[in-house]
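Residues per chain, in single letters:
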Amino acid sequence: LPPHSPSGLVLRTVEMHTGGEPLRIVPRLEAAEAAAAKGLSLLSLRREMAATHDRVRRALVHEPRGHAGMYGAVVVRGGAAAAGAHLAALFLHGAGYSAMCGHAVLALGRFALDYGLVAAPRRPETAVRLLCPCGPVTAFVPWDGRRSGNPVRFHSVPAFAAATDLAIDVPGHGRVVVDIGYGGTFYAFVSAEQLGLDVCSSKTGDLVNAASAVTEAVKKQFKLRHPESEDLAFLYGTILTDGKDAFSEEPTTNLCVFADEQVDRSPTGSGVTARIALQYHKGLIQLNQSRTFRSSTTGSLFTGKAVQATKFGEYNAVVVEVSGEAFYTGTATFTVEEEDPLKYGFFFK
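Note that the structure is predicted; figures quoted are calculated from it, not measured.

**Things to note about helix H3 (residues 54-61)**
- Counting buried residues along H3, 6 of its 8 residues qualify, which places the element largely inside the surrounding structure.
- When we look at burial in H3, the residues that qualify are Asp 54, Val 56, Arg 57, Ala 59, Leu 60 and Val 61.
- Buried residues along H3 sit in contact with strand E1 (10-18), strand E2 (21-26), helix H2 (42-52), strand E4 (87-93), strand E5 (96-98) and strand E18 (326-335).

Set out below in structure tokens:
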């Protein structure tokens, strides 16, 4: 099939989704591995890729190869993954690069086993050590001796409550009370009811606009602090909830709006992590009490629980276990023809 002699970039990917949220995996990218070989940390590699090779992200995530909701991961072997991890990963979205992505970790756990990145998988479950820009996480993946399975679970970096019951003035909505939690990246959490909306039945456009207004207001009115790195002290987005934070056997529903108004199709792994940390901080759940979280977009479910209390800098933190299901959807070979004026994609909302 043409092109017979591609003159530009050729990118091969493995396609997956977790709870409906896509993951376009790049198993190998020479530019990333060459940079990693210089001994860069993963956070530094994230900056390097953004500065010098951002065309790869744009080509894969933006149209015409991607779409406004596309998400990706670049697998990095070598230098950046040398610290006892089976692989490292850079996370790509429509506006840039994330520090953590739970839905991607669940999918990458399966990918690592099925593509031979773990030398000797064990039945019935294998631990896969992943290095993310926010730090190391461990996925636990079912293995039957031939292939990986579901559900996959992972243990997070230390998660904590950065602020609770924080009053924020949101243009168009007045004073709103939010919580801010960290689960590898920071999110603002607010009941949709405070914004005059219902997370389950309101129009998605209205929910996105309201969440984006909250994100911008929090960025202007509250300064985030991360115990280890200024690179991680940024607000990734806002998660609208149904307000059901107290422990219950029934699922609680939320909608995550992150980056540049991108909507997560899954319940959001790092968001579940942060929300569990907030609920634990408020005394609403105990260690090893599982909660179920539903995505308002697809109805897909994740479960989460705090499994260990710890300290992270000055914060009282918890390690959170998140569980969900990831599935393969295909493989692809993408080409970039040099004469194509839209070769590195375009962004249309």
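**Overview of the environment of Asn 316**
- Along the polypeptide, Asn 316 turns up in strand E17 (residues 315-324).
- Residue class for Asn 316 comes out exposed when judged on its relative accessible area of 58%.
- Note: C-alpha distance between Asn 316 and Phe 160 (156 residues apart in sequence) is 6.5 Å.
- Discounting residues that sit within four places of it in the chain, Asn 316 has contacts with Phe 160, Thr 310 and Lys 311.
- At 3.2 Å, the side chain of Asn 316 forms a polar contact with the side chain of Lys 311.

**Some thoughts on the environment of Val 137**
- Considering the arrangement of structural elements, one finds Val 137 in strand E7 (residues 135-142).
- According to the relative accessible area criterion, Val 137 is buried, its value standing at 2%.
- Residues Val 137 and Val 319 lie 182 residues apart in sequence; the distance between their C-alpha atoms is 9.9 Å.

**A short note on unusual backbone geometry**
- Of note, the amide linkage connecting Glu 63 to Pro 64 takes the cis form, showing an omega dihedral of 5°.
- When you line up the elements, Pro 64 lands in the loop between H3 and strand E3 (72-76).
- A cis geometry characterises the amide bond from Arg 123 onward to Pro 124, with omega recorded as 0°.
- Position of Pro 124 among the secondary structure elements: in the loop between helix H4 (102-114) and strand E6 (125-132).

**Some points on the environment of Ser 229**
- Following the sequence through the fold, Ser 229 ends up in the loop between helix H5 (204-221) and strand E12 (235-241).
- Sequence separation between Ser 229 and Cys 134 is 95 residues, and the spatial gap between their C-alpha atoms is 9.0 Å.
- Polar contacts involving the side chain of Ser 229 include one to the main-chain amide nitrogen of Asp 231, which spans 3.1 Å.

**Brief notes about the domain arrangement of the chain**
- Structurally, the chain comprises domain 1 (9-151 + 328-336) and domain 2 (157-323).
- Taken together, the 26 residues of domain 1 in the interface contact 25 residues of domain 2.
- Between domain 1 and domain 2, the buried area comes to about 1,700 Å², and carbon and sulfur atoms account for 60% of it.
- For the domain 1 face of the interface with domain 2, the top three residues by lost area are Gly 19, Glu 21 and Cys 134, together amounting to 24%.
- Linking domain 1 with domain 2 are 1 salt bridge, by the criterion used here.
- Here domain 1 is connected to domain 2 by 6 residue pairs in polar contact (both at pLDDT 80 or more).

**Describing the pairing of E2**
- The buried fraction of E2 is high, at 6 of 6 residues.
- Here E1 pairs with E2 via 5 bridges, running antiparallel. In the sheet register, Met 16 faces E2, and the bridge partner there is Leu 23.
- Here E1 hands over to E2 after 2 residues, with Gly 19 in that stretch at a positive phi of 60°.

Each value, and the rule that gives it
- Residues numbered from 1 in each chain as written.
- Predicted model: local features only at pLDDT ≥ 70, side-chain atom pairs only at ≥ 80, totals over all residues.
- Heavy atoms only, no water.
- Buried < 20%, exposed > 50% of the residue type's maximum accessible area, 1.4 Å probe, protein only.
- Helix = DSSP H or I, 4+ residues; strand = E, 2+ residues; numbered from the N terminus.
- Contact = heavy atoms within 4.5 Å.
- Polar contact = N/O pair within 3.5 Å; in protein donor to acceptor, adjacent residues only side chain to side chain.
- Domains from an automatic or database assignment.
- Buried area = accessible area lost by both parts, 1.4 Å probe.
- Salt bridge = Lys/Arg side-chain N within 4 Å of Asp/Glu carboxyl O.
- Pairing = 2+ DSSP bridges.

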